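An overview of the molecular structure
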Amino acid sequence: MPIGYVQIPVGVAGPLLLDGKEYSVPMATTEGCLVASTNRGCKAIHLSGGASSVLLRDAMTRAPVVRFGTAKRAAQLKLYLEDPANFEVVSTAFNKSSRFGRLQNIKCALAGKNLYMRFSCGTGDAMGMNMVSKGVQNVLDFLQSDFPDMDVLGISGNYCSDKKPAAVNWIEGRGKSVVCEAIIKGDVVRKVLKTKVETLVELNMLKNLTGSAMAGALGGFNAHASNIVSAIFIATGQDPAQNIESSHCITMMEPLNGGEDLHVSVTMPSIEVGTVGGGTQLASQSACLNLLGVKGACRETPGANARLLATIVAGSVLAGELSLMSAIAAGQLVQSHMQYNRANKDNVAAKVSS
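Residues numbered from 1 in each chain as written. Predicted model: local features only at pLDDT ≥ 70, side-chain atom pairs only at ≥ 80, totals over all residues. Heavy atoms only, no water.

Moving on: empty space enclosed by the protein. Tallying each qualifying case throughout the model produces one cavity of 30 Å³ or more. Of the voids in this model, the largest cavity is the one considered here, and its volume is about 40 Å³. What lines the largest cavity is Asp 58, Ala 59, Met 60, Thr 123, Ala 126, Met 127, Gly 175, Lys 176, Ile 271, Glu 272 and Val 273. Only strand S3 (52-62) and strand S8 (175-184) provide two or more residues apiece to the lining of the largest cavity. By residue number, the principal contributor to the lining of the largest cavity is S3, which donates three residues. For the lining of the largest cavity, the per-class residue count stands at six nonpolar, two polar and three charged. (1 Å grid on protein atoms, 1.4 Å probe; cavity = no way out; pocket = protein on both sides within 12 Å on 5 of 7 lines; lining within 4 Å. Points joined across faces, edges and corners; volume = space filled by probe spheres on them. Helix = DSSP H or I, 4+ residues; strand = E, 2+ residues; numbered from the N terminus. Nonpolar A, V, L, I, M, F, W, Y, C, P; charged D, E, K, R; others polar.)

Moving on: the environment of Val 12. When you line up the elements, Val 12 lands in strand S1 (residues 10-18). Accessibility expressed as a relative area gives 45% for Val 12, which makes it partly exposed. When the C-alpha positions of Val 12 and Met 27 are compared, they lie 6.0 Å apart, and in sequence the two are 15 residues distant. Discounting residues that sit within four places of it in the chain, Val 12 has contacts with Ser 24, Val 25, Val 35, Asn 39 and Leu 291. (Buried < 20%, exposed > 50% of the residue type's maximum accessible area, 1.4 Å probe, protein only. Contact = heavy atoms within 4.5 Å.)

Core analysis: the largest hydrophobic core is formed by 53 residues, its most contacted members being Met 27, Ile 184, Leu 262 and Val 317. It is helix H11 (residues 304-329) that contributes the most residues to this core, eleven residues altogether. If you look at the next biggest cluster of nonpolar residues, it comprises 24 residues, including Leu 115, Val 132, Val 139 and Met 150. (Core = buried A, V, L, I, M, F, W, Y, C linked by side-chain atoms within 4.5 Å.)

Let's shift gears to the layout of surface pockets. Over the atoms a probe the size of a water molecule is rolled, and this reveals where empty space is left. For the largest pocket, the calculated volume is near 770 Å³. Along the wall of the largest pocket there are 32 residues; nearest its centre are Gly 237, Gln 238, Gly 278, Gly 279 and Thr 280. For the lining of the largest pocket, the secondary structure elements donating two or more residues are helix H4 (129-143), helix H8 (225-236) and helix H10 (283-292). With four residues, the top contributor of residues to the lining of the largest pocket is H4. In terms of residue class, the lining of the largest pocket is made up of 16 nonpolar, 14 polar and two charged.

Running from amino to carboxyl end, H8 crosses H11 at an angle of 135°, the nearest separation of the two axes being 9 Å. With respect to each other, H8 and H11 are oriented oblique. Between H8 and H11 lies a crossing whose hand is right-handed. On H11, the residues that touch Ala 225, Ile 228, Val 229 and Ile 232 of H8 are Val 313, Ser 316, Val 317, Gly 320 and Glu 321. (Axes fitted to C-alpha atoms, helices over the stretch in contact; angles between N-to-C directions. Parallel < 35°, antiparallel > 145°, perpendicular 65-115°, else oblique. Left-handed = near helix turned anticlockwise from the far one by under 90°.)

Quick look at the pattern of salt bridges now. Under the counting rule described, the total for this entry stands at twelve salt bridges. Residue Arg 174 is joined to Glu 272 by a salt bridge in which the shortest nitrogen-to-oxygen separation is 3.0 Å. Taken together, the residues span a long stretch of sequence, with Arg 174 in the loop between helix H5 (167-172) and S8 and Glu 272 in the loop between strand S11 (261-271) and H10 at a distance of 98 residues. On the basis of relative accessible area, Arg 174 is assigned to the buried category, the value being 0%. Residue class for Glu 272 comes out buried when judged on its relative accessible area of 1%. (Salt bridge = Lys/Arg side-chain N within 4 Å of Asp/Glu carboxyl O.)

Put into structure tokens, the structure is as follows:
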């Protein structure tokens, strides 16, 4: 029942120099300091020669839960699905409902007489939840002939795992798994980020690694990855709720060249993005995707636009991590928030009068 739109300010950070190309990154957020901070990180990366990224995996998942009369019978289906000899016939059933959805693997987990089957598949330029769900339904229908005693309890049994923090996503990945890294020159750390290499390395260890471990973090070994992920997701029409697993990130910092320079990286195993379908079709969100050069489907190489968007998200997170960690190390966090996040009375008055 649509009744209108809620306006959210959109800023642009960049240019982000990633894999030899520049990107102006749209960010929808009410936190003004976030865009400014990410922009500073982009500047530090650009002045140091840019960042590079590697995409490790690309597969959306869905995991139905089924029940049998006995655990032994449930185990029989587990063994059937994990037998390489049966993969071709199962994948044929899975793939028949989509031109782009292609089954990659099935990982099963048993809980008593209940079986959880985690299907992973490529989804082209779509985020792919609907695509993989249709494929899973095809397989469930196919299995009924050989396993008529299988009771399908739900198309999703939370072993996927969607919109929830889960170790399975952190370890196995979901959506796009990306690593992004950069070497920041020592003079850039001092002049742009206003801190020191050794100070950043120590703070990262004590905050992002040790501090997160003390808090019992699950995939949260970072300073504020979710800030950047959420802002880009909203601007580009992604599912904001998937920020939960898409923000899984571990930030690493190490000294290089005798402590003169800084190596920084973010590893993000479950970035869930698409450039077709859902909110990407809305005018403003479509314009933001077009700004990045990833609007719609890639005809030459299906899935290339969505994969590029995932690397841009990771690169932007890298920039955001660099800047926030530097602000904390330099003791500038509170000051910067007071400067950029407090409403200016003159600006507010102008908006009201207009």
